Amino acid sequence: MRSGVSPHMKLKVRVVHYRHDCWYADIDDADDRQPDDPFWYADGCHTQAEAIALACSQLAALDHAVATGTLPSRISETIAA
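Residues numbered from 1 in each chain as written. Predicted model: local features only at pLDDT ≥ 70, side-chain atom pairs only at ≥ 80, totals over all residues. Heavy atoms only, no water.

Explain the nonpolar core here, please?
As a rule of thumb, soluble globular proteins bury nonpolar side chains together. Counting residues in hydrophobic clusters, the biggest one holds nine residues: Trp23, Ala25, Ile27, Trp40, Ala42, Cys45, Ala51, Ala55 and Leu62. At the level of secondary structure, the elements contributing two or more residues to this core comprise β2 (22–29), β3 (40–45) and α1 (48–67). Leave out the neighbours within four places in its chain, and Ala25 touches Arg14, Val15, Trp40, Tyr41, Ala42, Ala51 and Ala55. (Core = buried A, V, L, I, M, F, W, Y, C linked by side-chain atoms within 4.5 Å. Buried < 20%, exposed > 50% of the residue type's maximum accessible area, 1.4 Å probe, protein only. Helix = DSSP H or I, 4+ residues; strand = E, 2+ residues; numbered from the N terminus. Contact = heavy atoms within 4.5 Å.)

What is the right way to look at the sheet that holds β2 in this model?
Within a beta sheet, neighbouring strands are joined by backbone hydrogen bonds and run either parallel or antiparallel to one another. Here three strands make up an open sheet; going across it, the order is β1-β2-β3 and the pairing antiparallel. This sheet does not close on itself; its edge strands, each paired only once, are β1 (11–19) and β3. Within the sheet, the average angular offset between the axes of one strand and its neighbour, ignoring direction, is 15°. Strand direction decides the pairing type here: β1 and β2, joined by eight bridges, are antiparallel. Following the sheet pairing, Lys12 is matched in β2 by Asp28. Packing of α1 onto the sheet brings it into contact with β1, β2 and β3, and relative to β2 it is tilted by some 25°. (Pairing = 2+ DSSP bridges. Axes fitted to C-alpha atoms, helices over the stretch in contact; angles between N-to-C directions.)

How should the packing of aromatic side chains be read in this particular structure?
Pairs of aromatic rings are described using the distance from one ring centre to the other and the angle between the two planes. Taken as a whole, this structure holds one aromatic pair when the rule is applied. Ring centres of Tyr24 and Tyr41 lie 6.1 Å apart, and the angle between their planes is 25°; on these two criteria the pair is classed as stacked. Of this pair, Tyr24 sits in strand β2 while Tyr41 sits in strand β3, placing them 17 residues apart in sequence. Residue classification places Tyr24 among the buried positions, given a relative accessible area of 16%. (Phe/Tyr/Trp six-rings, centres within 6.5 Å; stacked < 30°, edge-to-face > 60°.)

Whenever I open this one, the side chain of Asp29 confuses me. Can you help?
Mapped onto the elements of the fold, Asp29 is located in strand β2. For Asp29, a relative accessible area of 15% gives the class buried. Of the polar contacts made by the side chain of Asp29, one reaches the backbone nitrogen of Asp31; its length is 3.0 Å. With residues near it in sequence (within four places) discarded, Asp29 still touches Met9, Lys10, Leu11, Lys12, Phe39 and Arg74. (Polar contact = N/O pair within 3.5 Å; in protein donor to acceptor, adjacent residues only side chain to side chain.)

Function cannot be inferred from these measures alone, as they are strictly geometric.
What follows is the structure, given as structure tokens:
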């Protein structure tokens, strides 16, 4: 069974302010109770707007990938491959 993105999956974006000058954003399955292995993440964004813009761009790329039949994997699967 493949654990990558599927066409019917509900994705969520999480944006976190974790230091005075750093924002983190990730995209993961909304039903995933273990948020430690997202499909995508950006660390070290300087503003909340930057983190949200990057996440929105990546959501659009994921949508395009699914529409063209190129289903991406989780980051850990990509690194391991």
